[in-house]
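# Inside the fold
Here is what each chain is made of, one letter per residue.
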Amino acid sequence: MPAIVLVGAQWGDEGKGKATDLLGSSLDYVVKFNGGNNAGHTIVIGSGAAAEKYALHLLPSGILTPTCTPVIGNGVVIDLGVLFQEIDGLEGRGVDTSKLVVSASAHVITPYNRVLDRVTERFLGARKIGTTGRGIGPTYADKMSRTGIRIQDLFDENILRQKVEAALDVKNQLLAKIYNRRAVQAEDVIGELRSYVDRLAPMVRDTSLLLEQALDRGDTVLLEAGQATLLDVDFGTYPFVTSSNATAGGACTGSGIPPTRIDGVIAVLKAYTTRVGEGPFPTELDDARGQFLRKTGAEYGTTTGRPRRCGWMDTVIGRYATRINGVTDFVLTKLDVLTGLDTVPICVAYDVDGVRHNTMPVNQSDFHHAVPVYEELPGWWEDISSCRSYDELPENARRYVERVEWLVGARVSAIGVGPGRDAIIERHEMRPARGFAGPA
Ligand code: GDP
Ligand code: IMO
Ligand code: MG
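Residues numbered from 1 in each chain as written. Chains lettered and ligands numbered in written order. Predicted model: local features only at pLDDT ≥ 70, side-chain atom pairs only at ≥ 80, totals over all residues. Heavy atoms only, no water.

When the sulfur atoms of two cysteines share a covalent bond, that bond is a disulfide. Inspection of every chain in the model, using the stated rule, returns zero disulfides. Of all cysteine sulfurs in the structure, the one in Cys252 sits closest to Cys68, which takes part in no disulfide; the separation is 19 Å. Classification of Cys68 as buried rests on a relative accessible area of 2%. Lacking any disulfide linkage, Cys310 is separated from the closest cysteine sulfur, that of Cys347, by 16 Å. The class for Cys310 is buried, based on a relative accessible area of 0%. (Disulfide = S-S within 2.5 Å. Buried < 20%, exposed > 50% of the residue type's maximum accessible area, 1.4 Å probe, protein only.)

Written out as structure tokens, the structure is:
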């Protein structure tokens, strides 16, 4: 299985980090292809008192697998301060990060991008997006406006100075005249960015070429998304989205691997739904049941610490994720969190002003007004966290998995039953073949 894409099926935090970690030993390269340090992946290695918890933001999850080369692709936006903080933090805990490779064409999050993210959110007031405030949107905006700073620009001080000064000509007008903020000094920006050059230089490569050569050798490459399908700038709940393509298509543009070399798409689907930040969320629960999911599932953001909004499984979204990403295998995470419910609701369709929608409404107002149509499945009470084979799961838990599988339209190949690295049931080997159609 040479090139595989791994994406989130919902609004993020589905457990992508853990799913990548599960595949870890069979992978030669793990490539982060979009987003930046807005992502937050928690990986728990070991259990009980010996449990080691790692929170990654910018580094690909493959960094925790010694045999794997982690790659930050051209589609990523990089905050260099965060990059080196994360590297130092891992090195301090004995993790070898020396194999990390960074694309020369990735864009850099500058200090003015961070400032602009925060002031524009404040300016929007009640209409805010609820961003992570990390400068993601403004950096991608600069990339598209062709005023961005790329990793390769840092190595030529003259080019860097020209680009920073040109960007600041406009940004400082905005900051001073619209947002009433102090101007940013070009020398401060250049000084900060240039201070990373010596450490950065040995990591920088043409990563598209590197990955092409790896695939030619028969190596296995995992393309790991940050964020998720409904946060994708084209296919998500716009404007309440992030500013990159977090769906499978983004894996190609964000890494330089062509679509004809992709062999499978794994999507990570949480057994219920969560969302951080603003925007519509049809199955959201504002009551004790939502609090139950938040508490039992420890649903607090890895990046900002914000409580995540929680609700039931929405298979309209699941089907949409299957369609947009061409999903060949699902990893269903956090099934353990649903233990102890009398019945487990699954949203199977929406009612929009009396009209049933089995697919995602294309019109944003319809999605805002969507009322979930639920099916109730019987719950289970047995502790499933130590189950390691599908047959060990209680019958009602299996019924839930199989119903979700049927409704989302692709097989569930692995099931998460706890946060730990080994708390997973592998149901089908994830060797996705082209042409797989529908559930097993
Ligand atoms: P990501 O952004 O998709 O990588 O997900 P996050 O790491 O932000 O959030 C997922 C959280 O769920 C993390 O704290 C994981 O340790 C945890 N987790 C992952 N899989 C499972 C599971 O199957 N059961 C439980 N209880 N927790 C899980
Ligand atoms: P992982 O990779 C959940 C959300 C923010 C906000 C919107 C835009 O851990 O799944 P941004 O700072 O990207 O401009 O914010 O996107 N968001 C995430 N929500 N998980 C994430 O990443 C997210 N990355 C961004 O909360 O609503
Ligand atoms: Mg996360």
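This brings us to a positive patch on the surface. A cluster of like positive charges, contributed by Arg118, Arg122, Arg181 and Arg182, occupies part of the molecular surface. Among the secondary structure elements, Arg118 is positioned in helix α3 (residues 111–124). (Patch = residues over 30% accessible without salt bridge, like charges linked within 9 Å, V, L, I, M, F, W, Y side chains within 5 Å. Areas by Shrake-Rupley, 256 points an atom, 1.4 Å probe, with all protein chains shown as cover. Salt bridge = Lys/Arg side-chain N within 4 Å of Asp/Glu carboxyl O. Lys, Arg positive; Asp, Glu negative; His and termini not counted. Charge placed at Lys NZ, Arg CZ, Asp CG, Glu CD. Helix = DSSP H or I, 4+ residues; strand = E, 2+ residues; numbered from the N terminus.)

Right, let's talk about the site of ligand 2 for a bit. Within the structure, ligand 2 sits among 20 residues, and Lys16, Asn38, Thr132, Gln227 and Thr242 are positioned closest to it. Between an oxygen atom of ligand 2 and a main-chain N or O atom of Gly130, the distance comes to 3.4 Å. At 2.6 Å from an oxygen atom of ligand 2 is found a side-chain nitrogen or oxygen belonging to Thr242. Its residues placed into classes, the shell around ligand 2 shows six nonpolar, 11 polar and three charged. When residues of the shell around ligand 2 are assigned to domains, at least three map to each of domain 1 (3–97 + 206–426) and domain 2 (107–201). (Near = heavy atom within 4 Å. Polar contact = N/O pair within 3.5 Å; in protein donor to acceptor, adjacent residues only side chain to side chain. Nonpolar A, V, L, I, M, F, W, Y, C, P; charged D, E, K, R; others polar. Domains from an automatic or database assignment.)

Turning our attention to the domain arrangement of the protein. For the protein, the assigned domains are domain 1 (3–97 + 206–426) and domain 2 (107–201). With 28 residues of domain 1 in contact, the opposing surface of domain 2 contributes 21 residues. Summed over both sides, the interface of domain 1 with domain 2 buries roughly 2000 Å², with 59% coming from carbon and sulfur. A per-residue breakdown of the area domain 1 buries against domain 2 is headed by Val77, Leu80 and Phe84, which together make up 30% of the total. Here domain 1 and domain 2 share three salt bridges between them. Between Lys128 and Glu278 there is a salt bridge; the shortest N-O distance is 3.9 Å. On the surface where domain 1 and domain 2 come into contact, there are 10 residue pairs in polar contact (both at pLDDT 80 or more). Of all the elements in the fold, those that place two or more residues in the side of domain 1 that touches domain 2 are β6 (77–78) and α2 (80–92). (Contact = heavy atoms within 4.5 Å. Buried area = accessible area lost by both parts, 1.4 Å probe.)

Attention now goes to helix α1 (residues 16–23). Along an α-helix, residues three or four apart share an orientation, since each turn contains 3.6 residues. Of all the eight residues making up α1, eight are buried; the element is thus mostly covered by neighbouring parts of the structure. Taken together, the buried positions of α1 are Lys16, Gly17, Lys18, Ala19, Thr20, Asp21, Leu22 and Leu23.

The protein atoms donating to the magnesium ion (ligand 3) are Asp13 (OD) and Gly40 (O), with metal-donor distances spanning 2.0 to 2.1 Å. Placement of Asp13 in the loop between β1 (3–8) and α1 and of Gly40 in the loop between β2 (29–32) and β3 (41–45) is noted, with a sequence separation of 27 residues between them. Assessed through its relative accessible area of 13%, Gly40 is described here as buried. (Donors = N, O, S within 2.8 Å, 3.2 Å for Na, K, Ca; no water.)

Closest axis-to-axis distance for the helix α5 (residues 157–178)/helix α6 (residues 186–194) pair is 10 Å, and the angle between their directions is 135°. Our classification of the angle between α5 and α6 gives oblique. Crossing angle aside, the handedness with which α5 passes α6 is right-handed. Residues Glu157, Leu160, Arg161, Val164, Glu165 and Leu168 of α5 form the contact with α6, whose participating residues are Ala186, Glu187, Val189, Ile190, Leu193 and Arg194. Of the residues that constitute the contact of α5 with α6, the class distribution is seven nonpolar, no polar and five charged. (Axes fitted to C-alpha atoms, helices over the stretch in contact; angles between N-to-C directions. Parallel < 35°, antiparallel > 145°, perpendicular 65-115°, else oblique. Left-handed = near helix turned anticlockwise from the far one by under 90°.)

What follows concerns unusual backbone geometry. Leaving glycine out, the prevailing phi sign among residues is negative, and the prevailing peptide bond configuration is trans. In the segment running from Tyr238 into Pro239, the intervening peptide bond is cis, with an omega of 5°. One can find Pro239 in the loop between β10 (221–224) and α9 (248–253). Positive phi is not limited to glycine here, since Gln227 has a value of about 55°. Summarising the element assignment, Gln227 is placed in the loop between β10 and α9.

In total, this model carries six aromatic pairs according to the counting rule given. When the ring of Phe84 is compared with that of Tyr196, the centres are 5.7 Å apart and the planes differ by 15°; the resulting orientation is stacked. Of this pair, Phe84 sits in helix α2 while Tyr196 sits in the loop between α6 and α7 (197–200); the two residues are 112 residues apart in sequence, bridging distant segments of the chain. Its relative accessible area of 4% is what places Phe84 among the buried residues. Tyr196 gets classed as buried once you look at its relative accessible area, which sits at 18%. (Phe/Tyr/Trp six-rings, centres within 6.5 Å; stacked < 30°, edge-to-face > 60°.)

Let us now look at the site of ligand 1. In the vicinity of ligand 1, 19 residues are found, and the nearest of them are Lys16, Gly40, His41, Thr42 and Asp336. Within the contact set of ligand 1, an oxygen atom lies 2.9 Å away from a backbone nitrogen or oxygen of Gly17. At 2.7 Å from an oxygen atom of ligand 1 is found a main-chain nitrogen or oxygen belonging to Gly40. Summarising the interface, the protein chains cover 93% of the accessible area of ligand 1, which totals 580 Å² for the free molecule. One can see that ligand 1 is located within the second largest pocket. Among the elements of the structure, α1 and β3 are those that each provide at least two residues to the shell around ligand 1. Here the shell around ligand 1 takes three residues from α1, the largest share from any one element. Taken together, the residues that form the shell around ligand 1 break down as three nonpolar, nine polar and seven charged. (1 Å grid on protein atoms, 1.4 Å probe; cavity = no way out; pocket = protein on both sides within 12 Å on 5 of 7 lines; lining within 4 Å. Sits in = over half its atoms within 2 Å of the grid points.)

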